[in-house]
Structure formats: C-alpha cells, structure tokens
Amino acid sequence: MKAIPVAVRERILKLYDQGKETGEIAASFGYCVAAVRRVRQRIKERGTLEPQTHRCGRKTLLTDACKERLLRLLERQPDATLAELGAQFKRPTSTMDLWLTRLGWSCKKNPARRGAVAARRGGAKEAVAATIGRRGRRTPGVRG
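Here the structure is a predicted model, which means the values were calculated and not measured.

1. Comments concerning the overall build of the protein chain
- The secondary structure content of the protein chain amounts to 8 helices and 0 strands.
- Reading the helices (α) and strands (β) of the protein chain from amino to carboxyl end gives α-α-α-α-α-α-α-α.
- Looking at the protein chain as a whole, 20% of its 144 residues qualify as buried.
- Considering only residue pairs separated by 6 or more positions, the protein chain has 45% of its internal contacts joining residues 24 or more positions apart.
- Of the accessible surface of the protein chain, which amounts to about 11300 Å², a share of 52% is contributed by carbon and sulfur atoms.

2. Re the side chain of R9
- By the secondary structure assignment, R9 is in helix α1 (residues 6–17).
- Salt bridges are absent for the buried R9, whose nearest opposite-charge side chain, E50, sits at 7.6 Å.
- Here R9 is in contact with A3, I4, V39, L49, E50 and P51, once residues within four sequence places are set aside.

3. Concerning the confidence of the model for the protein chain
- Per-residue confidence for the protein chain gives a mean pLDDT of 78, with 71% of residues at or over 70.
- Low pLDDT (under 50) marks residues 115–120, which in the prediction has 0 contacts with non-local residues, meaning those over four places away or in another chain.

4. Quick notes on helix α2 (residues 22–29)
- Of all the positions in α2, only T22, I25 and A26 are classed as buried. Projection of α2 onto a plane perpendicular to its axis shows the buried side chains occupying an angular sector of 100 degrees, all on one side. Seen from the buried face of α2, the exposed residues on the opposite side, beyond 90 degrees, are A27 and S28.
- On its buried face, α2 sits against α1 and α3 (33–46).

5. Let's talk about helix α5 (residues 82–89)
- All of the buried residues in α5 are L82, L85, G86 and F89. Looking down the long axis of α5, one finds its buried residues gathered within 100 degrees of arc, a one-sided arrangement.
- The elements touched by buried residues of α5 are α4 (64–76) and α6 (93–103).
- With its phi angle positive at about 55 degrees, K90 sits one or two positions after the end of α5.

6. Topic: the environment of R91
- Secondary-structure assignment places R91 in the loop between α5 and α6.
- Separated by 30 residues in the primary sequence, R91 and L61 place their C-alpha atoms 10.0 Å from one another.

7. Things to note about the packing of aromatic side chains
- Enumeration according to the criterion identifies 1 aromatic pair in this entry.
- One Lys or Arg, R40, reaches over the ring of Y16 and ends 4.1 Å from the middle of that ring.
- Above the ring of F89, the side-chain terminus of R69 is found at 4.3 Å from the ring centroid.

8. Here we look at the packing of α5 against α6
- At a minimum axis separation of 8 Å, α5 and α6 run at an interaxial angle of 100 degrees. Regarding the angle of α5 to α6, the classification is roughly perpendicular. Across the interface between the two elements, L82, A83, L85, G86 and F89 of α5 pack against T93, M96, D97, W99 and L100 of α6.
- A breakdown of the residues in the contact of α5 with α6 according to their chemical character gives 7 nonpolar, 2 polar and 1 charged.

9. A short note on the pattern of salt bridges
- With the rule as written, the count across this model stands at 1 salt bridge.
- Between R42 and E45 there is a salt bridge, and its shortest N-O distance comes to 3.6 Å. Linking R42 with E45, this pair stays in helix α3, spanning 3 residues, or about one helical turn.
- Take R42: its relative accessible area is 28%, and that puts it in the partly exposed class.

The rules behind the values
Residue positions within a chain follow its written sequence, with the count starting from 1. Local features in this predicted model are restricted to residues whose pLDDT is 70 or higher, and side-chain atom pairs enter the listing and the counts only when it is 80 or higher, whereas totals over whole chains, interfaces and linings include all residues. In computing side-chain properties, one takes all heavy atoms of the structure into account and sets aside hydrogens as well as water. Only DSSP runs of H or I reaching four residues or more are called helices, and only runs of E reaching two or more are called strands; each is numbered from the N terminus. Residue burial is assigned from relative accessible area. The probe radius is 1.4 Å, only protein chains are included, and a residue is buried under 20% of its type maximum, exposed over 50%, and partly exposed in between. Contacts are assigned to residue pairs that have any heavy atoms within 4.5 Å of one another. Surface accessibility follows the Shrake-Rupley procedure with a 1.4 Å probe radius. Residue values consider only the protein chains on display as shielding. Think of it this way: Lys and Arg go in the positive column, Asp and Glu in the negative one, and His and the chain ends go nowhere. Every case where a carboxyl oxygen of Asp or Glu lies within 4 Å of a side-chain nitrogen of Lys or Arg is listed as a salt bridge. Think of pLDDT as the predictor's per-residue confidence, scored from 0 to 100. It is the directions from the helix axis to the C-beta atoms whose arc is reported. Two rings from Phe, Tyr or Trp (for Trp, the six-membered ring) form a pair when their centres are within 6.5 Å of each other. A pair whose planes differ by under 30 degrees is stacked, one over 60 is edge-to-face, and the rest are tilted. Two conditions define a charge located above a ring, namely a distance within 6 Å from the ring centre to NZ of Lys or CZ of Arg, and an angle within 35 degrees of the ring normal. The axes used here are C-alpha line fits, helices contributing only the stretch in contact, and every angle between their N-to-C directions lies in the interval 0 to 180 degrees. The labels follow the angle: roughly parallel below 35 degrees, roughly antiparallel above 145, roughly perpendicular from 65 to 115, and oblique for the rest. Note on residue classes: Ala, Val, Leu, Ile, Met, Phe, Trp, Tyr, Cys and Pro are nonpolar, Asp, Glu, Lys and Arg are charged, and everything else, Gly too, is polar.

Here is the structure:
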C-alpha cells in the first residue's frame, strides 16, 4: 500500500489541532481510521511527517553467514540439487532457488527426472522414427 503523502499528513495534523475526531478526518480524506490515527502516533514517535518506506517488506533470510556457508557448499558440491541444498539449510527448495539466483548460480533438475530421461534414450528414438516413417508413406489413391 502507498504511504500517505506528506501534504495530506500535514492537513490531518491541522484537523486534529482544530479538535476534529479521528473518524471525521478519516472520512474526509478517504483513509481508514487506523491510518489516520497512525499519522499522529508516528509524529509523536519519530518527530517527522516523512513516511518510513525504506523499512517495508520482508527481510531476506540470506544473511552474510548463510551466504558464505552456501558458497562453500557449492564449491565442494557444485552439482547439488535444490533438495540437497535445502536439506542442508532446512529451507524449502523455492528458497534455495531464490538464493542461488541472487548469487548468480543456476540449479540442476531433480534427480528423478534425470533418471527418466536417461531410461527413454535406449530405443525410443528408433521406435518413434519408425512410426513416423510408416505414417509418412501413403498408398496412392487411398485417403485417411
């Protein structure tokens, strides 16, 4: 959600000084009562009307210590899967994928898929090619 502009914050404080109720002020500006109340609380706490937007959002779990540990682990085992890395850090694979992306690393596919692809390679190509070859040949004058 966007922060309340400073000009609106100043008007809110002026209306408080004039003795208006929080509900009236909120209705006149179209903000909720809690947001208007918070404007007055923040001016008492911080002494400024400027919004504190630089501290918004979720903080990263990838601390410097975690980053160093992850880089050491990747040096020892660069072909580790996301599941293996996640087990080391007790984090889900989605978190590990995000961390690797931030560090500029790519990740491997899961080991189950690699096994499935390797098993298909045997005679599957020849079988598919033979099937396509048969479909490609038509008897002249026959539809279908």
